[in-house]
Protein chains: 2
Amino acid sequence: MKLENMTTAAGGPDARRRSYDDACGTAHGLELIGDRWALLVLRELMLGPRRFSDLRADLPGISANVLTQRLEELEARGLVRRRKLPPPASVQVYEATEWGLEAEPVIGALGRWAARSPWHDPSLPLSAVSLMLSFTNMLDAQRAKGFEGTVGFRFGEERFVARVGDGAIRVRRGSESQRQGEGQGEEQALVAGKPTDVAAVVYGGAPVKLLDISGDKTLAKRFFKLFRLPPKAAA
Amino acid sequence: MKLENMTTAAGGPDARRRSYDDACGTAHGLELIGDRWALLVLRELMLGPRRFSDLRADLPGISANVLTQRLEELEARGLVRRRKLPPPASVQVYEATEWGLEAEPVIGALGRWAARSPWHDPSLPLSAVSLMLSFTNMLDAQRAKGFEGTVGFRFGEERFVARVGDGAIRVRRGSESQRQGEGQGEEQALVAGKPTDVAAVVYGGAPVKLLDISGDKTLAKRFFKLFRLPPKAAA
DNA sequence: CGGCATCCGGGAAGATACTG
DNA sequence: CAGTATCTTCCCGGATGCCG
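Residues numbered from 1 in each chain as written. Chains lettered and ligands numbered in written order. Predicted model: local features only at pLDDT ≥ 70, side-chain atom pairs only at ≥ 80, totals over all residues. Heavy atoms only, no water.

**Student:** Describe the interface of chain A and chain B, with residues and values.
**Tutor:** Note: interface size is frequently given as the accessible area lost on complex formation between the parts. Taken together, the contact pairs 53 residues of chain A with 53 residues of chain B. Looking only at chain A, the three residues that lose the most surface to chain B are Tyr-20, Trp-113 and Trp-119 of chain A, adding up to 17% of its buried area. Summed over the shared surface of chain A and chain B, the number is 4 salt bridges. Close ionic contact of Arg-116 of chain B with Glu-102 of chain A constitutes a salt bridge, the shortest N to O distance being 2.4 Å. Put simply, chain A and chain B have 18 residue pairs in polar contact (both at pLDDT 80 or more) between them. Going through the elements one at a time, helix 1 (25-33), helix 2 (38-44) and helix 6 (104-114) of chain A are the ones with two or more residues in the side of chain A that touches chain B. Residue classes in the side of chain A that touches chain B are distributed as 30 nonpolar, 13 polar and 10 charged. (Contact = heavy atoms within 4.5 Å. Buried area = accessible area lost by both parts, 1.4 Å probe. Salt bridge = Lys/Arg side-chain N within 4 Å of Asp/Glu carboxyl O. Polar contact = N/O pair within 3.5 Å; in protein donor to acceptor, adjacent residues only side chain to side chain. Helix = DSSP H or I, 4+ residues; strand = E, 2+ residues; numbered from the N terminus. Nonpolar A, V, L, I, M, F, W, Y, C, P; charged D, E, K, R; others polar.)

**Student:** Quick rundown of the pairing of strand 6 (residues 189-192) of chain B? Include the residues and the values.
**Tutor:** Residue and element names in this part refer to chain B. Residue alternation in strand 6 divides its side chains into two sets, Ala-189 and Val-191 and Leu-190 and Ala-192, and both sets are buried. In the sheet, strand 3 (residues 149-155) pairs with strand 6 via 4 bridges, with the strands oriented parallel. Looking at the pairing, Val-151 lines up with Ala-189 of strand 6. Note that strand 6 and strand 7 (residues 212-215) share 4 bridges and pair antiparallel. Looking at strand 7, one finds that Val-191 is bridged to Ile-213. (Buried < 20%, exposed > 50% of the residue type's maximum accessible area, 1.4 Å probe, protein only. Pairing = 2+ DSSP bridges.)

**Student:** Account for unusual backbone geometry, naming residues and giving values.
**Tutor:** All names here are of chain B. Even without being a glycine, Trp-37 presents a positive backbone phi close to 75°. Within the secondary structure, Trp-37 is located in the loop between helix 1 (25-33) and helix 2 (38-44). We classify Trp-37 as buried; its relative accessible area is 7%.

**Student:** Please provide a residue-by-residue account of the protein's contact with DNA strand C, values included.
**Tutor:** Neighbouring DNA strand C are 20 residues; Arg-36, Asn-65 and Arg-70 of chain A together with Phe-52 and Tyr-94 of chain B lie closest to it. Of all atoms in DNA strand C that approach within 4 Å of the protein, 84% are sugar or phosphate atoms. Measuring from a phosphate oxygen of DNA strand C, one finds a backbone N or O atom of Phe-52 of chain B at 3.3 Å. Between a phosphate oxygen of DNA strand C and a main-chain N or O atom of Ser-53 of chain B, the distance comes to 3.3 Å. Those elements that place two or more of their residues in the surface near DNA strand C are helix 4 (64-76) of chain A together with helix 3 (52-58), helix 4 (64-76) and strand 2 (92-96) of chain B. Sorting elements by how many residues they give to the surface near DNA strand C places helix 4 of chain A first, with 4 residues. (Near = heavy atom within 4 Å.)

**Student:** Explain the packing of helix 1 of chain A against helix 6 (residues 104-114) of chain B to me, and be specific about the residues and the numbers.
**Tutor:** Each packed pair of helices is defined by two parameters, the angle between the axes and the distance between the axes. Two numbers describe how helix 1 of chain A lies on helix 6 of chain B: the axes approach to 7 Å, and their chain directions differ by 80°. Classified by the angle their axes make, helix 1 of chain A and helix 6 of chain B are roughly perpendicular. Residue-level inspection shows Gly-25, Thr-26, His-28, Gly-29, Leu-30, Leu-32 and Ile-33 of chain A of helix 1 of chain A in contact with helix 6 of chain B, the latter providing Ile-107, Leu-110, Gly-111, Trp-113 and Ala-114 of chain B. Looking at the contact of helix 1 of chain A with helix 6 of chain B, its residues break down into 7 nonpolar, 5 polar and no charged. (Axes fitted to C-alpha atoms, helices over the stretch in contact; angles between N-to-C directions. Parallel < 35°, antiparallel > 145°, perpendicular 65-115°, else oblique.)

**Student:** Explain the sheet that holds strand 7 of chain B to me, and be specific about the residues and the numbers.
**Tutor:** All names here are of chain B. Read from one edge of the open sheet, 5 strands run 5-4-3-6-7, paired in mixed fashion. Here the strands that pair on one side only, and so sit at the sheet edges, are strand 5 (168-173) and strand 7. Between one strand axis and the next, the sheet turns by 20° as a mean value, whatever way the strands run. Pairing of strand 3 with strand 4 (residues 158-165), which is carried by 7 bridges, proceeds in the antiparallel orientation.

**Student:** Can you explain the protein's contact with DNA strand D? Please cite residues and give values.
**Tutor:** Of all residues adjacent to DNA strand D, which total 21 residues, the nearest are Arg-51, Ser-53 and Tyr-94 of chain A together with Arg-36 and Asn-65 of chain B. Sugar and phosphate atoms constitute 66% of the interface atoms of DNA strand D, taking the interface as everything within 4 Å of the protein. Between DNA strand D and Asn-65 of chain A, the relevant distance is 3.2 Å, taken from a base oxygen to a side-chain nitrogen or oxygen of the residue. Those elements giving two or more residues to the surface near DNA strand D turn out to be helix 3 (52-58), helix 4 and strand 2 (92-96) of chain A together with helix 4 of chain B. In terms of residue count, helix 4 of chain B provides more of the surface near DNA strand D than any other element does, 4 residues in total. Tallied by class, the residues present in the surface near DNA strand D amount to 5 nonpolar, 8 polar and 8 charged.

**Student:** Account for the packing of aromatic side chains, naming residues and giving values.
**Tutor:** Centre distance and the angle of the planes are the two values used to describe a pair of aromatic rings. Scanning the entire structure with this criterion turns up 22 aromatic pairs over all chains. An angle of 40° between the planes, with centres 5.5 Å apart, marks the rings of Phe-135 of chain B and Phe-153 of chain B as tilted. With Phe-135 of chain B in helix 7 (residues 128-138) and Phe-153 of chain B in strand 3, the pair connects residues that are 18 residues apart, well separated along the chain. This pair shows no difference in class: Phe-135 of chain B is buried, exactly as Phe-153 of chain B is. Between the aromatic rings of Phe-153 of chain B and Phe-155 of chain B, the centroid separation amounts to 6.1 Å while the plane-to-plane angle is 20°, which identifies the pairing as stacked. You can call Phe-155 of chain B buried: its relative accessible area is 7%. Taking NZ or CZ as reference, Arg-36 of chain B lies 4.3 Å from the ring centre of Tyr-20 of chain A, over its face. (Phe/Tyr/Trp six-rings, centres within 6.5 Å; stacked < 30°, edge-to-face > 60°. Lys NZ or Arg CZ within 6 Å of the ring centre and 35° of its normal.)

**Student:** Describe the relation of the copies chain A and chain B, and please don't skip the residues or the numbers.
**Tutor:** Superposing chain A onto chain B takes a rotation of 180° combined with a translation of 0.0 Å along the rotation axis, leaving an RMSD of 0.0 Å. Within this description, the copies of the chain are treated as partners about a two-fold rotation axis. Relative to the rotation axis, the closest C-alpha in chain A is found at Val-106 of chain A, a distance of 3.1 Å. A share of 100% of the interface residues of chain A reappears at the interface of chain B, consistent with the copies meeting face to face through the same patch. (Least-squares fit on C-alpha atoms with pLDDT ≥ 70 in both.)

**Student:** Kindly report on the sheet that holds strand 4 (residues 158-165) of chain A, identifying the contributing residues and their values.
**Tutor:** Sheet strands pair by backbone hydrogen bonding; their relative direction is either parallel or antiparallel. Residues and elements named next belong to chain A. Across the sheet, 5 strands lie side by side as 5-4-3-6-7; this open sheet has mixed pairing. Lying at the two open borders of the sheet, with one neighbouring strand each, are strand 5 (168-173) and strand 7 (212-215). Averaged over all pairs of adjacent strands, the angle between strand axes in this sheet comes to 20°, irrespective of strand direction.

**Student:** Can you tell me about helix 6 of chain B, naming the residues and giving the values?
**Tutor:** With respect to burial, helix 6 of chain B is a largely interior element, 8 of its 11 residues being buried. For helix 6 of chain B, the complete set of buried residues consists of Val-106, Ile-107, Gly-108, Ala-109, Leu-110, Gly-111, Trp-113 and Ala-114 of chain B. Looking at the buried side of helix 6 of chain B, the elements it contacts are helix 1, helix 5 (98-101) and helix 6 of chain A together with helix 2 and helix 7 of chain B.

By themselves these figures say nothing about function.
Next comes the structure, spelled out in structure tokens:
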């Protein structure tokens, strides 16, 4: 697997599968990120670097060898970079390149479109990154107009911050330094729970009791109402 | 293939491949249109119904059985409809449903993103639909501001009309009735040639000599300058 | 000829086990 | 923890053939 397959286009996007032989950008896009799992791997990297086992844990059902292969391919195509964190961490992480991050509109458009599917099942497991990205995709511009505030999220060890203002939302990963840096950080409320439960509250109308909210609870509840799933398409 | 595989979810999106088991809309989207060739089949239907053999001709490299399978799946998922044209035509065509047409932003986002690829080869064959869709994706909003006009295209038997105005572009298929209806139609110029040659002129700076232009040639040349490929990403 | 169904070979994906 | 090795399953691609 190291040299055998390198017979084709070393460095470039290996023509592992036969090319679509089509000048259309969409076809080329499928050659880059159309392989099974590829776009979901990239999705998990959209909010910052991840470790191999974190990716594996948040992509239920992917097998280790497939994840290895996808990461190699994405790296060869210039969408993912392998990086070693400085000591004392010294662990290897995978991060999206600048261009890889630019695939966010693709992920967003696909997600918004598929949310209209009659067969979409929101009760399935959901990764923390998926949830946070869904906020940027499902923000109701009308309702966001009159809102301004910052809400933090904690899922196990992972932390995120969502700031809404000027009718837009910006989501980022909360860093370690921030946790100890400026007290509780700039968030006005902190939501803790499982991503699936947060989704159930925001999109499924489940009771807020499911979540552990500290800080400005009223603000958090108003925040939850900023998002809406699109209407279902006709089956 | 008629009854054996129907053990799973008859009518719904058959779980031919194992599901991603992920509540994320993007993951569900990949289950709907993530199969190889599926999105390109849908692309060919974005500007109107097509026949089986037309699809096959414009999707170089797809085999008949795979096309059959993709069409069946897209139909089962509610993205494509099979329709029989009224006599005397009486031929069967495949057309995108309303929801299927709504996948256009997905195709557009993927195409715009992939156009930045260092490995994108615009010299490959290009279908007429791909070319016309590229106009809607690559329109330079700045340049389109000062332009207003309608340009027709003829590729063999296929005809299209692109109208630019108010900084936006609208592309549609030219119908038979229009051809004989209102003289030359409302287009101010008519461009004839191979889609690849048009792309070479518009995106590759090739000489306009490649094309057969009738009507307002100056307008056509100005039209060609309205589109621009995004800058390449770092390799 | 258009629209499939069928059979076959190669190869990617999935599951499991194993290693540094 | 971060992958590799191996085996099985099944999808993709190509060819052929059927049938209106």
